[in-house]
Amino acid sequence: MNDDMRQWPITIAVQALGGQGGGVLVDWIVDLAEHGGYIAQSTSVAGVAQRTGATIYYIELVPRSALPSDGRMPVLAQMPVPGEVDIVIASELMEAGRAVQRGFVTSARTTVIASSHRTFSPDEKSVPGNGVADAVTVLEAVRAQARRFVHGDMQALAVSHGSVISASLFGALAGSDSLPFAQEAFEDTVRRSGVGVEASLRALRAAADLARQPAPAPAPVDPMYTAPRPLPERAASPTLQPLVDRVRRVFPESAWPLLGAGLARVVEYQDVAYGTEYLDRMEQVLAWDRQSGGAVRGHQLTVEAARQVAVAMAYDDVIRVADLKTRAERFARVRAEVGAGAGEVVQTEEYFHPRLEEVCSVLPAGLGRWIESSPRLRAWLEPRLDRGRRLHPGTVWGHLQLRAVAAMRRWRRGSLRHLREQAHLGEWLAAVQRATAGDPALALELVRCRRLIKGYSDTHARGSGRFDRLMAAAALLAPRPDAAAALESLREAALRDASGQALEARWHALGLPRP
Amino acid sequence: MAERSFAREVETLRVPAGTEFRGEGILAVTKALLEAGVGYVSGYQGSPISHLMDVLADAQPILEELGVYFEPAANEACAAATLSASVMYPVRGAVTWKSTVGTNVASDALANLSSGGVTGGALVIVGEDYGEGSSIMQERTHAFAMKSQMWLLDPRPNLPAIVQAVHDGFELSEASHTPVMLQLRIRSCHLHGSFVTRENRRPAFTLREALESPQRDTNRIVLPPASFLHEREKIEQRWPAAVKFITERGLNEFFDGDIEELGIVMLGGMYNNVLRALMLHGLADLFGASRIPLYVLNVAYPLVEEEVLRFFRGKKAVLVVEEGQPDYHEQNLHAILRRAGVDTALHGKDMLPMGGDYTVAVLRRGLRSFLERYRPDVLASAAPAPGHAAALDRVLPPRPPGLCVGCPERPIFSSFKLVERKHGPRHVSSDIGCHLFSIMPPFNLGATTMGYGLGVASASAFNVKDGKRAVAFIGDGGFWHNGLSSGIGNAVFNRNDGVTVIVDNNYSAATGGQDILSSRAVNARRSTMHPIERAVRGVGVEWVRTVDRTYDVTRMRDVLEEALTTDYQGPKVVIAQSECMLNRQRREKPRAAAAVKAGQRVLKERFGVDAAVCSGDHACMRLSGCPSLTLAPSGDPLKQDPVAYVDEHCVACGHCGEVADAAVLCPSFYKTQWVRNPSRFERLVQALRERVVGWMQAGQARALARRALYPEQA
């Protein structure tokens, strides 16, 4: 028996998501092995997991040449055993992490082949802020645990060759040389399957090549982060040049990129004069920052305010939406998104649902207020206005409709909404100024809280409500030495869940009075 | 049409005797049924044996050639009752379902069948849905075998053993006049392996012959005094006959080992994993040679006392490996040993966990404690299980199953959420089916689920006058399974004032998209297209609203609101209809691709989000939860949070846009309409539009360029 005891099966665990075609990959591996002189057993746990949940497939392979002469057949296990898996194939990054978590990855023997792309889980998506799991931690954990780690965006690679992820993963398996079969045998298996053969072969070969190259180091940045561009020497439009020069002259260099982004936004949003207003406000902030010794902190207050003041000034309204929806560059992007060729007909249908509030807000302040304060007029107008509208910016009439709305830009400054936004902005910056004197860290947090306000209608109302609560909290917290940290924790709680439970819990934990 | 087609695989069912057959467990079972000369097959789909039903449906032509009758039953009770054909006639019958839930439903018929006994072999193939991947309560089918005294087979998990168990099962049934259950675990149903085939056989006695010369015997009917006779027969004749057959045919297996003072008793289904655990301890090889003697119970019930004693006598200690609880085997073995005065120590649930999966890792630990106690000298030193960074546990997000891309059920729940926003939360009774995913985020709807088709019945008690109306959800699968009588009929009879929402998606979708009575597809072999509304009105419901497009969130919301607020007293039924998207796409996608290729005009739609307009609040995802609605970087340094993004899996159901609209979320959603192979007229219109719109856009671009800071923006 001792001799036989040395014979172990090759063990392969496939961690996939329901609907990804993990079953196809497993069938291919089985076919590959059976044609390569191996006995193959595969098992899976499907059940409800097939509906988008995580699924594990398990394969064991035994060479026929190792079968004992007495006719006994191998007894193969039906599930992966921690510490006893040779190859882990994960069709998504977090699933590779899950394989490590389940103990399937051992430094002594396990080759991990993973697609580094992300399919976000419901939990990550439902966070009102940024709930995306930290990919770097997972990549590092897999790398630390695996004997060999082959990874890359197998999803994008497959799509770029007109195929599906099972083909690129199968190719990466071929390229990893972790099975005793040549790449030609892998290709034969795909040919035998007879469906989408050419595209699958292209994806297979590309992935095999990728697997043979040294694995790239993971990029240590948040994939959801967008870096600002450097401030250009010369503005594209000469009318903006004085403003760019002013930024360079007045502001510390660390703030230039975001000031550039902010400036570009507000000018595009309204006009060059609005850009001047923006820089006026930012100069005030810079003055407060300097007075409180912001230079040693890298002018963090100014840098952060450069972002938030611009967002506050370029608030989301229907004028801007109409302008964005009608641009030529957007038309090109939509065509590219579906992959439409030249000469093909592409149209978009836009989902608008302006309520009476939104309509009033773009009217001249006096008129808007008058309608708002007249219940009878509102009752008459509401049913006529409050319904979903479908607009088609690609048609002449639809385009005209949207351009007409966008053209209201020139009267925006006189609108009710603008008046309110300006007042709100003023209050917020006044609060920042008050805080700067005593507690610069609190002032910085106050600036960051502006992130809560976003969107339209209910979303905007909810965000504004929370922002106002945080402003109130800041006033209450101001005397405390840990005010900044406390406000930061409140903001994070507010961004963590939409229902507001996390915020309430945090509010309570900080011993703040009930609102 | 079922979700997965086995049209290609079933052709292998025709291979001649002596061929090496490669395939999944369920396919092997089908082949074995044909080899055993089965006369009729029935069942009800459900994981892990859904595919067995699908294979049988796809194998219909082959079954007909052999004279085998097959029907997908209305429910498991119906399938079990079908076995009555084997009571008086020597015809072999097989039925299948998901267990224990299906066995619960079937148990009335099974108890009657077991009482009177059978003439022809009656085989009940149950998919034992226990452990990882299970979608039901964790129970054992074993209990049903014991209470009705049916025999239970649990073969070793390899295809030759499973195929042999089908053959043995029929013979055992006939030899003991008792129905036999064959249980297959989740992983065995989906097991790919091979076995050597025998010849397919036509049934020795046909259903037609039975009808030609009908027979009856009141002694086979459960009515006093025959019922008392049946109990005596069970004890005095059928049980001994079964034991004799099991012993003579050697259905249970003994494997010798050199460590003779110890032993392991296990269910056949546990064999492979126990062997691997032994191998990891250095006590077995890959080909089944074990140093510890093994007694493998391919017959889980009844135990054969004589065999048990033969194995236990002279041993110091034996470990019994039985997954799940209660520990029926351990108790039974203790009784046998005590009666016989055998003092071998028996271990089981003291060394192995009482509940949960007996994974190889669990078995390895259990074996270790057993051997540490009796023979620590034979244990190889164990490598520690690999650990991992604790940081990983905090990072990895859970990934619960959910509704598919474009699922028509999603808008029903989104609509309901909108109604709740206005009228406050309601008590919601859920049922079994895809719609049960409503209990999870983002919907968080549903307080209980009491069984398939029982969603409406489980809201019965909340029939409170002038109270906040309770709401029950039920799928079309559950509705036809039993919900029409237990739910709707019951609500009519008892003047229930609640609201029932019937999710009518054309199929029994959760089990794999099988056709049902109300399916709106033409099925050559079954009678479909019987509207649920007619059935509901037929049992006396007066307030019925049918929404024939669930994606219309505004209408769906209004109908639900009406049902909850109307003055009408009595049961209110909302039928929410739209075809299961998984099935729809499977049919339409290839069709559309072929049409595009053939140069025909095809309209392709999909949704998109303008990143610049999206607020990054993700309210749309909290209301929708569509897998294709996902996150992307904003591409805007001023916007820190990720924005919504519709990926390429979008099927343009329009739900995200509808919700954004109905909930007044934001105007970032748009629908792209892409006409492939447009007509000449369409091209002309498009060219004209592009010219006029392009002229306007040029003006806009100039205005933007005058305000541009970055060069490439111009």
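Everything discussed here concerns the structure shown above.
Here the structure is a predicted model, which is why all the values come from computation and not from measurement.

Details of the overall build of chain A
1) Next: Across its full length, chain A holds 24 helices and 8 strands.
2) Next: By its C-alpha atoms, chain A is 95 × 60 × 50 Å across when sized along the principal axes.
3) Next: Expressed as a percentage of its 515 residues, the buried residues of chain A come to 57%.
4) Next: Sequence-distant contacts, at least 24 apart, represent 70% of the contacts inside chain A between residues at least 6 apart.
5) Next: Side-chain charges in chain A split into 61 positive and 57 negative, and the spacing between the mean points of these groups amounts to 6 Å.

Digging into the sheet that holds strand 13 (residues 317–321) of chain B
All names here are of chain B.
1) Next: Overall, mixed pairing links the 5 strands, which are arranged 9-11-10-13-14 in an open sheet. Looking at the sheet topology across the chains shown, the edges are occupied by strand 9 (253–255) and strand 14 (345–347). Strand-to-strand twist of the sheet, defined as the mean angle between neighbouring strand axes without regard to direction, takes the value 20°.
2) Next: Packing against the sheet, helix 15 (residues 328–340) makes contact with strand 10 (262–267), strand 11 (294–297), strand 13 and strand 14, and its axis sits at approximately 170° to strand 14.

Brief notes about the packing of helix 18 (residues 409–423) of chain B against helix 24 (residues 655–662) of chain B
Residue and element names in this part refer to chain B.
1) Next: Closest axis-to-axis distance for the helix 18/helix 24 pair is 11 Å, and the angle between their directions is 10°. For the element pair helix 18 / helix 24, the angle class is roughly parallel. Of the residues in helix 24, those in contact with R410, P411, S414 and L418 of helix 18 are H655, V659 and A662.
2) Next: Taken together, the residues that form the contact of helix 18 with helix 24 break down as 4 nonpolar, 2 polar and 1 charged.

Description of unusual backbone geometry
1) Next: Here the residue pair S47 of chain B and P48 of chain B is connected by a cis peptide bond, since its omega of 5° sits within 30 degrees of zero.
2) Next: The peptide bond linking Q325 of chain B to P326 of chain B adopts the cis configuration, its omega dihedral lying at 5°.
3) Next: Examined against the element boundaries, P326 of chain B turns out to sit in the loop between strand 13 and helix 15.
4) Next: Even without being a glycine, D177 of chain A presents a positive backbone phi close to 55°.
5) Next: Mapped onto the elements, D177 of chain A comes out in the loop between helix 7 (165–176) and helix 8 (183–193).
6) Next: Judged by its relative accessible area of 54%, D177 of chain A is exposed.
7) Next: A positive phi angle, close to 85°, is found at N506 of chain B, a residue other than glycine.
8) Next: Counting through the fold element by element, N506 of chain B comes out in the loop between strand 18 (499–504) and strand 19 (507–508).

Overview of the state of the cysteines
1) Next: Inspection of every chain in the model, using the stated rule, returns 0 disulfides over all chains.
2) Next: Just so you know, C434 of chain B is unpaired, no disulfide at all, and the nearest cysteine sulfur is the one on C407 of chain B, 6.4 Å from it.

Side note on the interface of chain A and chain B
1) Next: With 159 residues of chain A at the contact, the number on the chain B side is 132 residues.
2) Next: Inspection of the chain A/chain B interface yields 17 salt bridges.
3) Next: Across the pair R451 of chain A and D641 of chain B runs a salt bridge, and its minimum N-O distance is 2.3 Å.
4) Next: Where chain A touches chain B, the interface holds 58 residue pairs in polar contact (both at pLDDT 80 or more).
5) Next: Of the residues that constitute the side of chain A that touches chain B, the class distribution is 72 nonpolar, 44 polar and 43 charged.

A word on the environment of T119 of chain A
1) Next: Summarising the element assignment, T119 of chain A is placed in the loop between strand 5 (111–115) and helix 4 (122–126).
2) Next: Separated by 278 residues in sequence, T119 of chain A and W397 of chain A place their C-alpha atoms 39 Å apart.

Observations regarding the packing of helix 12 (residues 272–291) of chain A against helix 20 (residues 416–438) of chain A
Helix-helix packing: each pair is described by the crossing angle between the helix axes and the interaxial distance.
Residues and elements named next belong to chain A.
1) Next: For the pair helix 12 and helix 20, the least separation of the axes is 9 Å and the interaxial angle reads 15°. Relative to helix 20, the element helix 12 lies roughly parallel. Of the two possible hands of crossing, helix 12 and helix 20 adopt the one that is right-handed. Side by side, helix 12 and helix 20 meet where Y274, E277, R281, V285, W288 and D289 of the first sit next to H418, Q422, L425, L429, V432, Q433 and T436 of the second.
2) Next: In terms of residue class, the contact of helix 12 with helix 20 is built from 6 nonpolar, 4 polar and 3 charged.

Comments concerning the pattern of salt bridges
1) Next: Inspection of the entire model under this criterion finds 84 salt bridges over all chains.
2) Next: When the shortest N-O distance is used, the salt bridge between E60 of chain A and R276 of chain B registers 2.6 Å. Pair noted here: E60 of chain A is in strand 3 (residues 54–63) and R276 of chain B is in helix 13 (residues 271–280), and the two residues belong to different chains.
3) Next: What makes E60 of chain A buried here is its relative accessible area of 0%.
4) Next: E187 of chain A is the salt-bridge partner of R191 of chain A, the closest N and O atoms lying 3.4 Å from each other. Residue R191 of chain A and its partner E187 of chain A are located together in helix 8, separated by 4 residues, close to a single helical turn.
5) Next: Among the ionic contacts, a cluster of salt bridges with common partners joins E92, E95, R98, R118 and E124 of chain A together with R399 of chain B.

Here we look at a nonpolar patch on the surface
1) Next: There is a patch of nonpolar side chains on the surface, built from F681, L684 and L688 of chain B and spanning about 350 Å² of accessible area.
2) Next: Relative to the helices and strands, F681 of chain B is located in helix 25 (residues 680–706).

Side note on the packing of aromatic side chains
1) Next: Applying the stated criterion across every chain yields a total of 23 aromatic pairs over all chains.
2) Next: A ring pair is formed by F413 of chain B and F443 of chain B, whose centres lie 5.7 Å apart and whose planes are at 45°; its orientation type is tilted. With F413 of chain B in helix 18 and F443 of chain B in the loop between strand 15 (428–430) and strand 16 (448–449), the pair connects residues that are 30 residues apart, well separated along the chain. Residue F413 of chain B shares its accessibility class with F443 of chain B, and that shared class is buried.
3) Next: The cationic tip of R229 of chain A hangs over the ring face of Y710 of chain B; the distance from NZ or CZ to the ring centre is 4.1 Å.
4) Next: A cation over an aromatic ring shows up here: R545 of chain B above the ring of W543 of chain B, its NZ or CZ 4.0 Å from the ring centre.

Looking at the sheet that holds strand 3 (residues 69–72) of chain B
All names here are of chain B.
1) Next: Pairing is mixed in the open sheet, where 7 strands are placed in the order 3-2-4-5-7-6-12. Where the open sheet ends on each side, the last strands, each with one partner, are strand 3 and strand 12 (299–301). In this sheet, adjacent strand axes meet at a mean angle of 20° when their direction is disregarded.
2) Next: Sheet topology places strand 2 (residues 40–43) next to strand 4 (residues 93–99); 4 bridges connect them, and they run parallel. Within strand 4, the position partnered with V41 by the bridge is A94.
3) Next: The strands that helix 9 (residues 159–176) touches are strand 4, strand 5 (122–128), strand 6 (151–153) and strand 7 (180–185); relative to strand 7, the one it contacts most, it runs at about 160°.

Description of the pairing of strand 22 (residues 572–577) of chain B
The two faces of a sheet get side chains in turn, since along a regular strand they alternate between them.
Residues and elements named next belong to chain B.
1) Next: By the criterion of burial, strand 22 is predominantly enclosed, with 6 of the 6 residues buried.
2) Next: Across the two faces of strand 22 the burial is the same, with K572, V574 and A576 and V573, I575 and Q577 all buried.
3) Next: As paired strands, strand 18 and strand 22 are joined by 6 bridges and run parallel to one another. Its bridge partner being in strand 22, V499 is matched across the sheet by K572.
4) Next: Where strand 21 (residues 543–547) lies against strand 22, 5 bridges are found, and the strand directions are parallel. Its bridge partner lying in strand 22, R545 is registered against V574.
5) Next: For the crossover that starts at strand 21, traverses helix 21 (residues 553–565) and ends in the parallel strand 22, the hand is right-handed.

Focus on the nonpolar core
1) Next: Judged by nonpolar contacts, the single largest core of 112 residues is most densely connected at L33, W97, L123, V124, M266, L278 and V321 of chain B.
2) Next: Here L33 of chain B is in contact with V38, A94, L123, I125, V166 and F170 of chain B, once residues within four sequence places are set aside.
3) Next: Grouped together as the second largest cluster of nonpolar side chains are 67 residues, A473, A483 and L503 of chain A together with L709 of chain B included.

Parameters and conventions
Residues numbered from 1 in each chain as written. Chains lettered and ligands numbered in written order. Predicted model: local features only at pLDDT ≥ 70, side-chain atom pairs only at ≥ 80, totals over all residues. Heavy atoms only, no water. Helix = DSSP H or I, 4+ residues; strand = E, 2+ residues; numbered from the N terminus. Buried < 20%, exposed > 50% of the residue type's maximum accessible area, 1.4 Å probe, protein only. Contact = heavy atoms within 4.5 Å. Lys, Arg positive; Asp, Glu negative; His and termini not counted. Charge placed at Lys NZ, Arg CZ, Asp CG, Glu CD. Pairing = 2+ DSSP bridges. Axes fitted to C-alpha atoms, helices over the stretch in contact; angles between N-to-C directions. Parallel < 35°, antiparallel > 145°, perpendicular 65-115°, else oblique. Nonpolar A, V, L, I, M, F, W, Y, C, P; charged D, E, K, R; others polar. Disulfide = S-S within 2.5 Å. Salt bridge = Lys/Arg side-chain N within 4 Å of Asp/Glu carboxyl O. Polar contact = N/O pair within 3.5 Å; in protein donor to acceptor, adjacent residues only side chain to side chain. Left-handed = near helix turned anticlockwise from the far one by under 90°. Patch = residues over 30% accessible without salt bridge, like charges linked within 9 Å, V, L, I, M, F, W, Y side chains within 5 Å. Areas by Shrake-Rupley, 256 points an atom, 1.4 Å probe, with all protein chains shown as cover. Phe/Tyr/Trp six-rings, centres within 6.5 Å; stacked < 30°, edge-to-face > 60°. Lys NZ or Arg CZ within 6 Å of the ring centre and 35° of its normal. Right-handed = clockwise from strand over helix to strand, strands pointing away. Core = buried A, V, L, I, M, F, W, Y, C linked by side-chain atoms within 4.5 Å.

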